[in-house]
Amino acid sequence: MIALGVLASGRGSNLQAIIDACEAGRLDARPAVVISDNPRAQALERAARHGVPAVVVERRASKSRDDYERVIVASLREHAVDLVCLAGYRRLVGRVLLDAFPWRVMNIHPALLPSFPGLEAQRQALEYGVKVAGCTVHFVDEGADSGPVILQKPVPVLEGDDVESLSERILEQEHQVYPEAIALYAAGRLKVAGRRVHILGEGKEPWPDVH
Ligand code: GAR
């Protein structure tokens, strides 16, 4: 069973979906620690309610982003974390964290990347006028929502949708797809090859020899 470290800055509904999937045995993983840069994050209360250690690491307590991430990495290591899951974590991840967990940091984003990275993805999608929105789970690199895609779920944009209604329907899919992606990782079924994330055992094609 792998140990998860979840980084969350706010509401924590994706954290909740991950905890629920672990507790229900749908996910062969355990939430080992929740870390937040925001002492008021609802995610911290959710962690506490489920007996998951909750740690606050404020950015302003460190001189540089590297120092800040060193504190986070120390906490992740202290809790023997295998996989880091960003769940509404409102900061760009830097080299210190990525080097400590190479291809072992995932994120969820409420858009079909590479469309609409960054803030307010659902509003961007509505303003652009797309007919299909959705969400993406991807491995994290140094860019904003730019790493290799693991899973995506489409969500149709309905006549009369506003940011709130569309966000709500996307969120339902986020809560399904994030635990699903983590389960694939936990089962050793994800392999990153350049920009592609291959899912081992999917389809009938023989598995290509990549690393
Ligand atoms: C989610 O919709 C997540 O996809 C988004 O923030 C929300 C967090 O909600 N993340 C991003 O936009 C990352 N670029 P939650 O705190 O209830 O999980």
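In case you missed it, the structure is sitting above this.
Values in this document were obtained by computation on a predicted structure and should not be read as measured data. Here the residue numbers are simple positions, counted from 1 along each chain's written sequence. Thresholds applied to this predicted model are a pLDDT of at least 70 for local features of residues and 80 or more for the giving and counting of side-chain atom pairs; totals over whole chains, interfaces and linings are not thresholded and use all residues. To get the side-chain values, all heavy atoms of the structure are used, and hydrogens and water are removed first.

Examined against the element boundaries, threonine 136 turns out to sit in strand β6 (residues 132-139). Only protein chains enter the accessibility calculation, which uses a 1.4 Å probe; a residue is then buried when its area is under 20% of its type maximum, exposed when over 50%, and partly exposed in between. Residue threonine 136 is classed as buried on the basis of its relative accessible area of 0%. Only heavy atoms enter the contact rule, under which two residues are in contact if any of them lie within 4.5 Å. Residues contacting threonine 136, with those up to four places away along its chain left out, are Asn107, Ile108, His109, Ala111, Leu112, Leu113, Val149, Leu151 and Gln152. Here a strand is any run of E in DSSP of at least two residues, a helix any run of H or I of at least four, and the numbering for each starts at the N terminus.

Time to look at the nonpolar core. Joining through side-chain atoms within 4.5 Å is the link that ties buried Ala, Val, Leu, Ile, Met, Phe, Trp, Tyr and Cys residues into a set, and such a set is a nonpolar core. Among the nonpolar cores identified, the biggest contains 47 residues, and Leu4, Met106, Ile150, Tyr178, Ile182 and Leu190 are the most heavily contacted of them. Tallying contributions element by element places helix α6 (residues 163-186) first for this core, with eight residues. Leaving out residues up to four positions away in the same chain, isoleucine 182 has contacts with Leu4, Ile18, Leu27, Leu83, Cys85 and Met106. If you look at the next biggest cluster of nonpolar residues, it comprises 22 residues, including Val33, Ile72, Tyr89 and Val96.

Residue position: aspartate 99 is located in helix α4 (residues 95-100). Linking aspartate 99 and valine 73, residues 26 residues apart in sequence, is a C-alpha distance of 10.0 Å.

What follows concerns the site of the ligand. In this text, near means that some heavy atom of the residue lies within 4 Å of the molecule or strand in question. Surrounding the ligand, one finds Arg11, Gly12, Ser13, Asn14, Gly88, Ile108, His109, Pro110, Asp145, Leu171 and Glu174. Computed by Shrake-Rupley with a 1.4 Å probe, the accessible areas treat only the displayed protein chains as cover when residues are assessed. Considered on its own, the ligand offers 450 Å² of accessible surface; in the complex 82% of this is hidden by protein. Within the residue set of the shell around the ligand, elements represented by two or more residues are α1 (13-23), β5 (105-109) and α6. Taken together, the residues of the shell around the ligand break down into three nonpolar, five polar and three charged. Residue polarity is assigned by list, with Asp, Glu, Lys and Arg as charged and Ala, Val, Leu, Ile, Met, Phe, Trp, Tyr, Cys and Pro as nonpolar; anything else, Gly included, falls into the polar class.

Another aspect to go through is the packing of helix α5 (residues 121-128) against α6. Where α5 contacts α6, the two axes come as close as 9 Å, and the packing angle between them is 120°. Relative to α6, the element α5 is oriented oblique. Here the hand of the crossing between α5 and α6 comes out right-handed. Two secondary-structure elements touch here, α5 through Gln122, Arg123 and Leu126 and α6 through Val163, Leu166, Ser167 and Ile170. A fitted line through C-alpha atoms represents every axis, and for helices the fit uses only the stretch in contact; the resulting angles, taken between N-to-C directions, go from 0 to 180 degrees. Angle categories: roughly parallel below 35 degrees, roughly antiparallel above 145, roughly perpendicular from 65 to 115, and oblique for all the rest. The sense of a crossing depends on the near helix, which, turned anticlockwise from the far helix by less than a right angle, makes the crossing left-handed and, turned clockwise, makes it right-handed.

Looking only at helix α2 (residues 42-49), the buried set comprises Ala43, Leu44, Arg46 and Ala47. Down the axis, α2 shows its buried residues gathered within 160° of arc, on one side only. Facing away from the buried side of α2 by more than 90 degrees, the exposed set consists of Ala48 and Arg49. Packing partners of the buried residues in α2 comprise α1, β2 (29-36) and β3 (54-56). Following α2 by one or two positions, glycine 51 has its phi on the positive side, about 70°. Taking the helix axis as origin, the arc is that swept by the directions to the C-beta atoms.

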